[in-house]
Amino acid sequence: MGVHRIWHHGLVPTEGKRPLDALRSRLIARQRQHDDYSVTDLGSSDDGGSRRSDLKFGWADGEGRYSVQVLLSLCYHAGEDRVAWLLAAACTRPWLTCHEAPARRIGLEELGASGSDEIPIETPVLAMRGWSREECDRVADLLGEALVAPWRTSAVLVLTEPPTVPVEGWPGLVNVFDVDDRFRRTLNRHLPLGCALPLGARLYVPPCDQLPDFVETASPVSGEALDGAITRLIQTRSRTPLPEEWAKVPSVRAWYEADPFASPVREPDAELTEKLDRAERELAEARGVITILRKQSKADTEERDRHADEVKVLRRRLEELCAADVAYLRKQLAQLQEELDDYARAFEETEAERDELRRVNGLLAGRLARHDADDDVAAAERPPDEFPSFAELIGAATTTLKHLAITAEPAPAAILDHHPKAAAWRRKAWDALRTLDAYAGARTSLLGSGRDPGPELSDVLAFARTGQPGSLISANIIALAESDTVTTNERLRQARTFRVDPRTNPAGRDYFGAHIALERFKSPAPRLHFLDDTDGTGTVYVGYLGAHLPTSKTN
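Residues numbered from 1 in each chain as written. Predicted model: local features only at pLDDT ≥ 70, side-chain atom pairs only at ≥ 80, totals over all residues. Heavy atoms only, no water.

A.B. asks: Help me understand the overall build of the protein, please; the structure alone is not making it clear to me.
C.D. replies: Along the backbone of the protein there are 15 helices and 18 strands. Looking at the protein as shown, the accessible area adds up to about 31,000 Å², and 53% of this sits on carbon and sulfur atoms. (Helix = DSSP H or I, 4+ residues; strand = E, 2+ residues; numbered from the N terminus. Areas by Shrake-Rupley, 256 points an atom, 1.4 Å probe, with all protein chains shown as cover.)

A.B. asks: Please clarify how unusual backbone geometry should be interpreted in this entry.
C.D. replies: Backbone phi values are negative for most residues with the exception of glycine, while trans is the configuration of most peptide bonds. Geometrically, the link from Ser219 to Pro220 is a cis peptide bond, its omega value of 5° lying close to zero. The residue Pro220 is located in the loop between strand 11 (214-216) and helix 5 (223-236) in this model. A cis amide bond links Ser523 with the next residue in sequence, Pro524, at an omega value of 10°. Secondary-structure assignment places Pro524 in the loop between strand 16 (514-517) and strand 17 (527-533). Residues other than glycine seldom take positive phi values, yet Gln210 does so here, at roughly 55°. With a relative accessible area of 72%, Gln210 lands in the exposed category. (Buried < 20%, exposed > 50% of the residue type's maximum accessible area, 1.4 Å probe, protein only.)

A.B. asks: Where do I start with the pairing of strand 9 (residues 174-179) in this structure?
C.D. replies: On any regular strand, side chains alternate: one points to one face of the sheet, the next to the other face. With 5 of 6 residues buried, strand 9 lies mostly within the body of the structure. Bridging between strand 7 (residues 125-128) and strand 9 involves 4 bridges; their strand directions are parallel. Bridge pairing in strand 9 links Met128 to Val179. Alignment of strand 8 (residues 155-159) against strand 9, held across 5 bridges, turns out to be parallel. Residue Leu157 lies in a different strand from strand 9, and its bridge partner there is Val176. (Pairing = 2+ DSSP bridges.)

A.B. asks: Quick question: what am I supposed to make of the side chain of Asp209 here?
C.D. replies: The topology assignment puts Asp209 in the loop between strand 10 (201-204) and strand 11. Only 2.8 Å separates the side chain of Asp209 from the side chain of Arg237, close enough to count as a polar contact. (Polar contact = N/O pair within 3.5 Å; in protein donor to acceptor, adjacent residues only side chain to side chain.)

A.B. asks: Where do I start with helix 3 (residues 133-147) in this structure?
C.D. replies: Each turn of an α-helix holds 3.6 residues, which means side chains three or four residues apart point in the same direction. The end-to-end C-alpha distance of helix 3, which contains 15 residues, comes to 20 Å, matching closely the 21 Å that a straight helix rising 1.5 Å per residue would cover. Buried residues of helix 3: Cys136, Val139, Ala140, Leu143, Gly144, Ala146 and Leu147, and no others. Down the axis of helix 3, the smallest arc covering the buried residues is 150°, so these residues share one side. Exposed residues on helix 3 whose side chains face more than 90 degrees from its buried face are Glu134, Arg138, Leu142 and Glu145. Along its buried surface, helix 3 packs onto strand 7, strand 8, strand 9, helix 4 (181-188) and strand 10. (Expected span 1.5 Å × (residues − 1). Arc of directions from axis to C-beta. Contact = heavy atoms within 4.5 Å.)

A.B. asks: Mind showing me how you'd approach helix 10 (residues 390-400) here?
C.D. replies: Those residues of helix 10 that sit buried are Phe390, Leu393, Ile394 and Ala397. Taken around the axis of helix 10, the buried residues stretch over an arc of 95°, which confines them to a single face. Facing away from the buried surface of helix 10 by more than 90 degrees, the exposed residues are Ala391 and Thr399. Contacts made by the buried residues of helix 10 are with strand 12 (404-406), helix 11 (410-416), helix 12 (422-448) and strand 18 (539-546).

A.B. asks: What exactly am I supposed to notice about the sheet that holds strand 13 (residues 478-479) here?
C.D. replies: The pairing of strands in a sheet happens through backbone hydrogen bonds and is either parallel or antiparallel. A sheet is described by the order of its strands in space; here 5 strands give the open sequence 12-18-17-16-13, paired in mixed fashion. Two strands lie at the open edges of the sheet, namely strand 12 and strand 13, each paired on one side alone. The pairing of strand 13 with strand 16 spans 2 bridges and is classified as antiparallel. Its bridge partner being in strand 16, Ile478 is matched across the sheet by Ile516. Sitting on the sheet, helix 12 is in contact with strand 12, strand 16, strand 17 and strand 18, with an inclination near 5° to strand 17. (Axes fitted to C-alpha atoms, helices over the stretch in contact; angles between N-to-C directions.)

A.B. asks: What exactly am I supposed to notice about the packing of helix 10 against helix 12 here?
C.D. replies: A pair of packed helices is characterised by two quantities: the angle between their axes and the separation of those axes. Close contact between helix 10 and helix 12 brings their axes to 10 Å; oriented N to C, the two are set at 15°. With respect to their mutual orientation, helix 10 and helix 12 come out roughly parallel. At the point where helix 10 passes helix 12, the crossing takes the right-handed sense. Residues Phe390, Leu393, Ala396, Ala397 and Thr400 of helix 10 touch helix 12, and the partners they reach there are Ala422, Trp425, Arg426, Ala429, Trp430 and Leu433. Taken together, the residues that form the contact of helix 10 with helix 12 break down as 9 nonpolar, 1 polar and 1 charged. (Parallel < 35°, antiparallel > 145°, perpendicular 65-115°, else oblique. Left-handed = near helix turned anticlockwise from the far one by under 90°. Nonpolar A, V, L, I, M, F, W, Y, C, P; charged D, E, K, R; others polar.)

Structure, rendered in structure tokens:
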């Protein structure tokens with residue numbers, strides 16, 4: 001079992017005459033109201049005018065995939081108005097932004113706690129749009145000072161453009177500021193040139209983590225890219241040494257260096273020994289009872305064997321009586337199987353005829369749209385293009401279909417060449433590629449001229465369903481997204497992530513959920529996965545052509 005650690009620290013306002021005890025009582029009382037985690041009081045200690053107190057928390061996610069252990073160490077120096085805190089957490093799986101932040105789970109943010117940069121952690125996203133000039137100047141001055149401070153240990157994400165998906169902070173480690181352009185210019189006057197905030201987003205990483213700042217200038221800002229940058233920061237914190245003032249605290253150092261998920265070694269006590277002796281005496285008595293039961297069991301076994309012999313005789317007679325009926329049923333089953341095979345062959349022939357009619361219909365629609373019906377109808381009646389291999393098909397598509405960007409690896413498609421139905425799959429794949437190219441060409445042409453594509457060109461499915469010129473495949477084999485089970489499973493999602501142009505995604509890779517089924521049911525059920533970026537680069541990417549990718553049922 002792996003151990004993945006994080007830490008962050010800050011300050012909590014004091015309350016009452018004994019602030020340390022008050023904070024500890026509130027955290028313990030909160031756990032009784034939220035029964036989804038446990039808390040253990042590890043006690044307090046005095047150290048030369050300072051008091052320390054440690055609490056241990058633990059929980060697991062609802063599906064039992066990972067466990068979390070947390071040590072919260074509190075320190076109060078006499079006469080000060082705030083209590084210092086350090087939260088050290090360990091997880092059995094690498095930390096992700098989708099994991100609930102430990103500071104939020106245990107209720108630390110509800111105490112008015114702030115990070116080491118004195119920015120409160122209770123508000124995940126601080127919206128600063130439309131603030132007055134005086135407020136902008138005051139907050140920009142404080143924030144600018146915190147961003148360049150070498151002692152800052154929490155990250156600050158500043159957004160000037162809305163992200164594609166909502167981005168929340170990670171209480172205690174990542175604070176999020178949503179600002180307008182006026183505040184951006186005000187803040188940049190307080191920052192060095194290398195730290196300037198661009199139009200878009202910038203994640204200011206703490207100096208202690210030794211990571212470069214993440215900068216995003218696209219509009220809209222990619223929420224997935226921001227989520228990935230925050231995840232890298234959280235996972236990097238596991239390798240960042242503890243702050244010097246906390247690394248010397250014995251309880252913190254011992255907890256951070258040990259395995260918090262290891263079972264504690266317990267010494268046997270007197271009460272347990274007494275229970276063991278009593279169990280041994282009861283075991284001896286039970287053995288005597290077992291001896292008596294064995295004798296009774298022997299007699300019961302003999303009676304059972306006699307009844308079993310009678311059952312065998314009756315079963316033999318029943319089999320003799322049913323033999324004739326079984327032979328008749330087997331003959332009838334064979335006849336039904338032959339009929340089923342005939343229907344299956346007829347279904348495949350019907351599907352092939354339907355696909356050919358769909359292809360001819362798409363070609364005719366395209367030709368009719370250009371008012372050249374006679375010659376093009378004759379061309380539509382010609383057999384479809386044939387390719388001896390998927391490699392030549394992909395090469396022809398790359399050369400002739402100008403609105404497609406084919407990034408698919410050739411190996412998965414090459415495996416399909418050895419299948420008896422490979423020729424039919426190549427024809428359907430060629431028609432699918434031509435349909436995608438026709439859709440991309442029609443949509444980008446309208447967008448380029450400033451016209452609205454309309455509902456018929458809203459996506460590939462609408463393009464095929466409404467029988468637009470150039471649509472050569474049935475809308476029934478097009479799916480614009482995978483199931484929620486595949487989309488939310490990180491392993492299955494990665495299997496559908498393929499190369500794209502950095503203009504589409506700065507990471508150079510993106511998720512291809514849309515696909516076309518070349519064979520819907522029978523294995524290997526080949527699929528063609530694509531990504532529609534006609535609104536951006538004017539391109540439809542083809543990232544995969546091959547056997548059905550893994551699902552939760554196949555792996």
